[in-house]
Amino acid sequence: MHSRACVSAISTFGLALDEDLTFWDRHHIHTVGVSVAKLERFGWDRGTELISAAVGRGLRVANLIGLGPFDLANPRSWPKQQERLVRSIETAATVGAECLVFTTGRFAPLSWEAAADNLDHALTPVLQASKARHVPFAIEHTNSLRVDVGFVHTLKDAIDLADRFDIGVCMELNACWAERGLEATIRAGIDRIRLVQVSDFKVGTVASSQRLVPGDGDIPIERILRVVLDAGYTGVFDVELIGDAIVAEGYDRAVPRAVDHLGSLLERIGA
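To keep things clear, this report deals only with the structure shown in the data block. All values derive from a computational prediction rather than experimental measurement.

What follows concerns the overall build of the protein. Tallying secondary structure elements over the protein gives 11 helices and 10 strands in all. By the compact-globule yardstick of 18 Å for 271 residues, the protein fits well, its C-alpha radius of gyration being 17 Å. Overall, the protein is about 45 × 45 × 35 Å in size when its C-alpha atoms are taken along their principal axes. Counting across all 271 residues of the protein, residues that qualify as buried make up 53%. For the protein, the proportion of contacts with a sequence separation of at least 24, taken over those separated by at least 6, is 76%. Surface accessibility of the protein: about 11700 Å² in total, with carbon and sulfur atoms responsible for 50%. Treating the 28 positive side-chain charges of the protein as one cloud and the 36 negative ones as another, the clouds have centres 1 Å apart.

Set out below in C-alpha cells:
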C-alpha cells in the first residue's frame, strides 16, 4: 500500500467497526478513515479503545468521517449535533486522527446565504473545541443530488466557506471533477485542502452514490491528482467507495483493487 494512500470506512459501508479493523489487518491497510456512525453503533467507548489499540500496533487514522449533518433550518436541533461533534473531536484527539470531515447539513427552505450564516452559528462551539484540542476540521462538498446532507456542491464554494470559518476542506473528486476552473480553484485553495477523496464515476450514471473503483470510470483522475500534487498538497489520498458495483464485486476484491490502482498512479506521478 502506498504511503499516501488511505481507505475510508465508507468503502466497507456494510461492515461494523470491529469488522473494519479485521478487514484492514487482512489486507495490510495501514492508513484509514474511521466512521463515526459505525463507532456509535458499535459502542463509542469500546470502539475508541479498539481503535486506540490498533493505533498502538501501527494503524494511522487520517480522518474521522460520517459525523452526520445539521438541520440548518431548525436551530432547536443543533445542541444534540453539537454535542456529537464535540465528542467526535475528543475521540479524534484520543486516537490521533489528523482531521474531522463533515458535511454542512440540510438547509431547505433557507437560501444558500442564510444556510451559511446558520452554519456559522451552529459551528461556533464545535470549532472552539476543535481549536482547543488541535483537531483540524474539514468541510466536504457533496453531489448536488445530496441536499439532504449538504448545501455546498462545488470545491470553490467549499473553499470560500472554509476561508470564512478558518477551517479546512475535503476535496471530493467524485463531486468536483467536472467543475469549471477546477485547476485554478485547486491552486488558489490548496492551503485549505486537508483531504482528497478518490473514486471513479461512469458517465451516464444518473443516481447518487454509485461510485467505481479508480480506473473503472471516466474521471481523469491522474490529470487532476497531478494538479493537486503540483499545487503543493502533502496529505493522503482517501479511497472512498460506495454503491452497487462495489457491493456486487465484494469489499475483499474492490477495495484492494482500488488501493493497488491508486498506489500505482501515485508512484507514476511522483507522490
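Pairs may arise between side chains of opposite charge once their charged atoms sit close together. If you walk through the whole model with that rule in mind, you get 21 salt bridges. Of the charged contacts, one joins Glu90 and Arg133 as a salt bridge, the two residues approaching to 3.1 Å between their closest N and O atoms. You can see Glu90 sitting in helix α4 (residues 78–95) and its partner Arg133 sitting in the loop between α5 (112–132) and β7 (137–140), a full 43 residues away along the chain. Judged by its relative accessible area of 37%, Arg133 is partly exposed.

Turning to helix α3 (residues 44–56), a few remarks are in order. For α3, built from 13 residues, the straight-helix expectation of 18 Å at 1.5 Å per residue is met to within 8% by its first-to-last C-alpha distance of 18 Å. Among the residues making up α3, those that are buried are Trp44, Gly47, Thr48, Leu50, Ile51 and Ala54. Burial along α3 is one-sided: seen end-on, the buried residues are contained in an arc of 160°. Summarising the geometry of α3, the exposed residues directed more than 90 degrees from the buried face are Asp45 and Gly56. Of the residues trailing α3, Gly58 is marked for its positive phi of about 115°.

Structurally, the position occupied by Asn63 is in strand β3 (residues 60–65). Sequence-distant contacts of Asn63, defined by excluding residues within four places in its chain, comprise Cys6, Val32, Gly33, Val34, Ala97, Glu98, Cys99, Val101, Leu195 and Asp238.

Right, let's talk about the state of the cysteines for a bit. A complete count under the given rule lists zero disulfides for this structure. Looking at Cys99, it has no disulfide partner, and the nearest cysteine sulfur is the one in Cys170, 7.4 Å off. Looking at Cys99, the relative accessible area reads 2%, which means it is buried.

This model, assessed by the stated rule, comprises five aromatic pairs. Look at Phe107 and Phe151: their rings are 5.8 Å apart centre to centre, the planes differ by 55°, and that puts the pair in the tilted class. One end of the pair, Phe107, is in the loop between β6 (105–106) and α5; the other, Phe151, is in the loop between β7 and α6 (155–165), and 44 residues separate them in sequence. Here the two residues Phe107 and Phe151 agree in accessibility, since each one is buried.

One can find Ala54 in helix α3. Residue class for Ala54 comes out buried when judged on its relative accessible area of 6%. Linking Ala54 and Ile89, residues 35 residues apart in sequence, is a C-alpha distance of 19 Å. Residues within four places of Ala54 in sequence aside, it is in contact with Leu21 and Leu59.

The buried fraction of strand β8 (residues 168–172) is high, at five of five residues. Strand direction decides the pairing type here: β7 and β8, joined by three bridges, are parallel. Each bridged residue has a counterpart across the sheet, and for Glu140 the counterpart in β8 is Cys170. With four bridges joining them, β8 and strand β9 (residues 193–198) adopt parallel strand pairing. Along β9, the bridge assignment pairs Cys170 with Leu195.

Next up on the list: the packing of helix α1 (residues 17–26) against α3. α3 packs onto α1 with a crossing angle of 10° between their chain directions and a minimal axis gap of 10 Å. Judged on the interaxial angle alone, α3 and α1 are roughly parallel. As α1 runs across α3, the sense of the crossing is left-handed. Together, Leu17, Asp18 and Leu21 of α1 and Gly47, Leu50, Ile51 and Ala54 of α3 make up the contact between the two elements. A class-by-class count of the residues in the contact of α1 with α3 yields five nonpolar, one polar and one charged.

Cut-offs applied
Residues numbered from 1 in each chain as written. Predicted model: local features only at pLDDT ≥ 70, side-chain atom pairs only at ≥ 80, totals over all residues. Heavy atoms only, no water. Helix = DSSP H or I, 4+ residues; strand = E, 2+ residues; numbered from the N terminus. Rg over C-alpha atoms; globule rule 2.2 N^0.38 Å. Buried < 20%, exposed > 50% of the residue type's maximum accessible area, 1.4 Å probe, protein only. Contact = heavy atoms within 4.5 Å. Areas by Shrake-Rupley, 256 points an atom, 1.4 Å probe, with all protein chains shown as cover. Lys, Arg positive; Asp, Glu negative; His and termini not counted. Charge placed at Lys NZ, Arg CZ, Asp CG, Glu CD. Salt bridge = Lys/Arg side-chain N within 4 Å of Asp/Glu carboxyl O. Expected span 1.5 Å × (residues − 1). Arc of directions from axis to C-beta. Disulfide = S-S within 2.5 Å. Phe/Tyr/Trp six-rings, centres within 6.5 Å; stacked < 30°, edge-to-face > 60°. Pairing = 2+ DSSP bridges. Axes fitted to C-alpha atoms, helices over the stretch in contact; angles between N-to-C directions. Parallel < 35°, antiparallel > 145°, perpendicular 65-115°, else oblique. Left-handed = near helix turned anticlockwise from the far one by under 90°. Nonpolar A, V, L, I, M, F, W, Y, C, P; charged D, E, K, R; others polar.

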